[in-house]
There are 2 protein chains.
Amino acid sequence: MAIPTHLKLSVPETEHPRIVIIGGGFGGLKLAKALKKVKAQVVMLDRNNFHTFQPLLYQVATAGLEPDSIAGPLRKSFEGHFNYIFRMVKVTGVDFEKQEVQTKIGNLTYDYLVIASGSVTNYFGNEELQKKVLPLKRVVHALDLRSHILQTFEQAELTEDYDKRDRMMNFTVVGGGPTGVEVSGALAELRNHILPSDYPDLNFGMMQINLVEGSDRLLNGMSEKSGKESLKALEKLGVKVRLNSMVESFNDGIIKLNDGTLESDSVIWAAGVKGNIINGINAESLTKGRILVDEFNRAKGQERVFAIGDVAMMQTEDYPDGHPMMAPVAMQQGTHLAKNFKRLFSGKDLEPFEYFDKGSMATIGRNKAVVDMPGGLHFKGFFAWLIWMFVHILYLIGFRNKLITLNNWIWSYFTYDKGTRLIIRTFSAEQRRKVSQYE
Amino acid sequence: MAIPTHLKLSVPETEHPRIVIIGGGFGGLKLAKALKKVKAQVVMLDRNNFHTFQPLLYQVATAGLEPDSIAGPLRKSFEGHFNYIFRMVKVTGVDFEKQEVQTKIGNLTYDYLVIASGSVTNYFGNEELQKKVLPLKRVVHALDLRSHILQTFEQAELTEDYDKRDRMMNFTVVGGGPTGVEVSGALAELRNHILPSDYPDLNFGMMQINLVEGSDRLLNGMSEKSGKESLKALEKLGVKVRLNSMVESFNDGIIKLNDGTLESDSVIWAAGVKGNIINGINAESLTKGRILVDEFNRAKGQERVFAIGDVAMMQTEDYPDGHPMMAPVAMQQGTHLAKNFKRLFSGKDLEPFEYFDKGSMATIGRNKAVVDMPGGLHFKGFFAWLIWMFVHILYLIGFRNKLITLNNWIWSYFTYDKGTRLIIRTFSAEQRRKVSQYE
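Residues numbered from 1 in each chain as written. Chains lettered and ligands numbered in written order. Predicted model: local features only at pLDDT ≥ 70, side-chain atom pairs only at ≥ 80, totals over all residues. Heavy atoms only, no water.

1. What to know about the sheet that holds strand β23 (residues 312-314) of chain B
Residues and elements named next belong to chain B. Taken together, three strands build an open sheet; the order of strands is β20-β21-β23 and the sheet is mixed. Both edges of this open sheet fall to β20 (286-287) and β23, since each of them pairs with a single strand only. Pairing of strand β21 (residues 290-293) with β23, which is carried by three bridges, proceeds in the parallel orientation. Paired with Ile291 across the bridge in β23 is Ala312. (Pairing = 2+ DSSP bridges. Helix = DSSP H or I, 4+ residues; strand = E, 2+ residues; numbered from the N terminus.)

Written as structure tokens, this is what we have:
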């Protein structure tokens, strides 16, 4: 993409130290908010002008919510923050020697750098697969997936080759973590309640929803109980779950697994994420693909560079392989690092980060969930779903998003309806790759 | 765009006559709904799977609403209609001799054809302009325009060339009809209430919003009073209205008018629409670019072909140049034609169409409108805006759309906030043209 030559990355010079934050995700957002009254110039760089509430992306993908419900403009979140500067740019590299962040429209020096670049979809090096599967990590992915799902059924009605039609109507989700479980549950609800009346000529009794997971259980990050209950709930919804199963290849609607074959034109890839590493961070700084940080989130061997959230690897006694790559860790590290900046600026010693595990949860279908709380407390079913709803509404940014989302959920709950079944991005996989060059 | 070879346009054969409707706009939708109990196979063809409530497109473009509020899935609208078949295809032509509709994936024969293809943006033959300006006629246009507006300000903050920055921040709307008036009012509200806090580094006192209209008044289709009041209200909001002014060229941010020059990188084209004519309809059937129909909406010289709405030209005593190209005409013609189909099938004579003018309205900014009612009744200001709101909510399809839209409007009214300031389609003009090949 040609960059207009008149664009230059610049921010005013001030007497205060400049903290550059790469990324406006959960970590970056919390950090910048908590720096409100700190005497520093806070510069946030993000390629999007909005924060994405990723836990609900799957609802955008399955026609339950529009992006405005789960994404919030980053500038709006900082009204009244006079030390905050936002620049919508994609960071292309960092240079620790020169203390600068690099972008296609110029470089920016920092006094302190916080890398909060989050994570990207992990294809485990399989470039062939990457070209063919549908990821679900960004708002554009969710919108593409939604259009793809609906377009598939429009096209299935126009297909008289019945073998082809069967393959078109089958959906396969790879990865049995929260995203995989949630998206396959939502697909099952679409099949069971919505699609049959929209497409009366298609036989939805034939539509398979497959969930393929490499390990021997679902929801690996959660309790054994949650894994079993989600499996049971998904099977009740008609999802075919395959455990201990790995994708070897995917060609022309045939998915080869280590233990069999599936026929399915659409593969949704929720198999994992990896740290979003920026050019200029050398291999020695990385452990398992994440930036190794000390207990203050300071990058190994660096004085002025910090990393928080998914991209950071902090090895502690409780988490020798780093913390789980999820929103609560990023948020707590963001808040904690802000406190440490305050201590730093007033000459005090930094305090080590400690993760407070508030529990984790996943929803299955329209009114079930599993919730693990600290101390082994566990909920399932409808009550767990109420907790899930409450917590997600609570953490959504801004009152407006809360209102619109709650509205949508109440509506869907009572009517079984999903309102946003609009095919707006009618791209094929190949076109999508071309379009995504621009995005 | 390569069409997958497995796609074929087909519908089941039945004993009943087949009515093919091209287009699911206001006319096609009303017609198909009213044919619910008629013994005919109703086949609707549309390139989109949704109906667009075009009068509110400008709110999608100016970050007030998401598409799901103003568009409704066409299949969903016909739940319980057992004689209704929807196919998402783009019609490429018609052959009156063979009685068939042509598409890229095959042809479909009809017993009766209703052309309800609506209208498209009219560039008055200026192909150079067409490549550079921003249209506002479809959902994708509105989303592109929204992203363009927001991206412009993101980039303006990254521009140190102050002349360039000024041109970037100026917006010019061409066409003083309802769309032009409404979009310039909404832009003014964005400038006055929203953008300054989002972009503190930019000087919005410098931002021009120009409205260029070729005739000597605004809202030509409405009363003299409405024209004057909308002009006054727009000027109060800070819109620079130029009457009797025509665009001659637009290059590198310079708009040449017949009576002057404007500097503005963004030109929103709302100068007019023309009938969306399909290949195979020959020039003799057309009058002023619309399909000439008799008082029963039957195309001139055709027994089995009808046209309704914007694309139809019915010359009556009251409307010697045809009816205005607006939703109420299309809706009434759709309903009326359904009644005539019933008469036709029971061997009765057709009844001529008569347009019942319920009035027209336009909104200016956040809480003003002008309303012309039959019999010269006229309202303006806040009360007119309440009527405008009520009528638009009333005509929105589906209870869910009404609810979400009302919610959004109440929210925006009290907070001056627009929630959907997300830049999702970050295409440049050139990229947009490439992407639109796929859409």
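2. Quick look at the pattern of salt bridges
Throughout the structure, instances matching the rule amount to 30 salt bridges over all chains. Asp201 of chain B is the partner of Arg87 of chain A in a salt bridge, and the nearest nitrogen-oxygen pair spans 3.0 Å. Separated into two different chains, Arg87 of chain A in strand β5 (residues 84-88) and Asp201 of chain B in the loop between α7 (178-198) and β13 (209-212) make up a pair that spans both. Taken together, the shared-partner salt bridges in this structure form one network comprising Arg75 and Arg87 of chain A together with Glu154, Glu157 and Asp201 of chain B. (Salt bridge = Lys/Arg side-chain N within 4 Å of Asp/Glu carboxyl O.)

3. Topic: the domain arrangement of chain A
Where interface size is given, it is often the accessible area lost as the parts come together that is meant. Residue and element names in this part refer to chain A. Segmentation of chain A into domains returns domain 1 (18-47 + 89-121 + 274-345) and domain 2 (127-271 + 367-436). Between the C-alpha centres of domain 1 and domain 2 there is a distance of 31 Å. Taken together, the contacts link six residues of domain 1 with six residues of domain 2. Here domain 1 and domain 2 share zero salt bridges between them. Our count for the domain 1 to domain 2 interface comes out at one residue pair in polar contact (both at pLDDT 80 or more). (Domains from an automatic or database assignment. Contact = heavy atoms within 4.5 Å. Polar contact = N/O pair within 3.5 Å; in protein donor to acceptor, adjacent residues only side chain to side chain.)

4. Digging into the relation of the copies chain A and chain B
Superposition record for chain A on chain B: RMSD 0.0 Å, screw rotation 180°, translation along axis 0.0 Å. Put plainly, the chains are arranged around a two-fold axis. A symmetric contact is evident, with 100% of the interface residues of chain A recurring at the interface of chain B. (Least-squares fit on C-alpha atoms with pLDDT ≥ 70 in both.)

5. Topic: the interface of chain A and chain B
Opposite the 61 residues of chain A that make contact, chain B presents 61 residues. Buried area between chain A and chain B, summed over both chains or domains, comes out near 5,800 Å², and the portion from carbon and sulfur atoms is 57%. There are eight salt bridges connecting chain A and chain B. Here Glu157 of chain B makes a salt bridge to Arg75 of chain A, at a shortest N to O gap of 2.9 Å. On inspection of chain A and its partner chain B, the count reaches 20 residue pairs in polar contact (both at pLDDT 80 or more). Looking at the side of chain A that touches chain B, the elements with two or more residues in it are α3 (67-70), β4 (71-73), β5, α5 (139-156), α6 (162-169), α7 (178-198), α11 (399-415) and α12 (429-436) of chain A. Ranked by residues supplied to the side of chain A that touches chain B, first place goes to α11 of chain A with seven residues. Looking at side-chain class alone, the side of chain A that touches chain B contains 28 nonpolar, 14 polar and 19 charged residues. (Buried area = accessible area lost by both parts, 1.4 Å probe. Nonpolar A, V, L, I, M, F, W, Y, C, P; charged D, E, K, R; others polar.)

6. Details of the sheet that holds strand β26 (residues 378-380) of chain A
Residues and elements named next belong to chain A. Spatially, the three strands line up as an open sheet ordered β24-β25-β26, and their pairing is antiparallel. Each having just a single partner strand, β24 (360-364) and β26 make up the two edges of the open sheet. Here the strands of the sheet are splayed against their neighbours by 5° on average, with no regard to which way each runs. Alignment of β24 against strand β25 (residues 368-372), held across five bridges, turns out to be antiparallel. Bridge pairing in β25 places Ile364 opposite Lys368. (Axes fitted to C-alpha atoms, helices over the stretch in contact; angles between N-to-C directions.)

7. Details of the packing of aromatic side chains
All names here are of chain A. Under the definition given, this model contains 26 aromatic pairs over all chains. Each member of the aromatic cluster is reached from another via a ring pair, and the members are Tyr112, Phe306, Phe341 and Phe345. Its end group placed over the ring of Tyr112, Arg304 keeps NZ or CZ at 5.0 Å from the ring centre. (Phe/Tyr/Trp six-rings, centres within 6.5 Å; stacked < 30°, edge-to-face > 60°. Lys NZ or Arg CZ within 6 Å of the ring centre and 35° of its normal.)

8. Points about unusual backbone geometry
Residues and elements named next belong to chain A. The backbone phi angle of Asp252 is positive, close to 50°, even though this residue is not glycine. Here Asp252 lies in the loop between β15 (247-251) and β16 (254-257). Given the relative accessible area of 75%, Asp252 is considered exposed. Of note, Lys288 is a non-glycine position whose phi angle comes to about 50°, a positive value. Tracing the chain through its elements places Lys288 in the loop between β20 (286-287) and β21 (290-293). (Buried < 20%, exposed > 50% of the residue type's maximum accessible area, 1.4 Å probe, protein only.)

9. As for α6 of chain A
Residue and element names in this part refer to chain A. When α6 is considered as a whole, its buried residues turn out to be Lys164, Arg165, Arg167, Met168 and Met169. For α6, the secondary structure elements touched by its buried residues are α5, β12 (171-174), β16 and β17 (260-263). Where α6 begins, one side-chain oxygen reaches toward the backbone nitrogen of Asp163, 3.2 Å away; that side chain belongs to Asp161.

10. So, a positive patch on the surface
Residues and elements named next belong to chain A. On the surface, a cluster of positive charge is contributed by Lys30, Lys33, Lys36, Lys37, Lys339, Lys342 and Lys358. Looking at the positive patch, the elements that each hand over two or more residues are α1 (26-34) and α9 (327-345). Note that Lys342 resides in helix α9. You can call Lys342 partly exposed: its relative accessible area is 41%. (Patch = residues over 30% accessible without salt bridge, like charges linked within 9 Å, V, L, I, M, F, W, Y side chains within 5 Å. Areas by Shrake-Rupley, 256 points an atom, 1.4 Å probe, with all protein chains shown as cover. Lys, Arg positive; Asp, Glu negative; His and termini not counted. Charge placed at Lys NZ, Arg CZ, Asp CG, Glu CD.)

11. Looking at the packing of helix α5 (residues 139-156) of chain B against helix α6 (residues 162-169) of chain B
Residue and element names in this part refer to chain B. Contact geometry of α5 with α6 gives a least axis separation of 10 Å together with a crossing angle of 165°. By the angle between their axes, α5 is roughly antiparallel relative to α6. α6 is crossed by α5, and the crossing has left-handed handedness. For the pair formed by α5 and α6, the contact residues are Thr152, Phe153, Gln155 and Ala156 on the first element and Arg165, Met168 and Met169 on the second. Residues belonging to the contact of α5 with α6 are distributed by class as follows: four nonpolar, two polar and one charged. (Parallel < 35°, antiparallel > 145°, perpendicular 65-115°, else oblique. Left-handed = near helix turned anticlockwise from the far one by under 90°.)

12. Here's the deal with the pairing of β5 of chain A
Residues and elements named next belong to chain A. The element β5 is largely enclosed, with a buried count of five among its five residues. Side chains Tyr84, Phe86 and Met88 project from β5 onto one buried face, and the interleaved Ile85 and Arg87 project onto a second face that is buried too. As judged from the five bridges shared by strand β2 (residues 41-46) and β5, these two strands associate in the parallel manner. Directly across from Met44, in β5, lies its bridge partner Phe86.

13. What about helix α10 (residues 381-395) of chain A?
Between its terminal C-alpha atoms α10 of chain A stretches 21 Å, which fits the 21 Å expected from 15 residues at 1.5 Å a residue. Residues Gly381, Ala384, Trp385, Ile387, Trp388, Met389, His392 and Ile393 of chain A constitute the buried set of α10 of chain A. (Expected span 1.5 Å × (residues − 1).)

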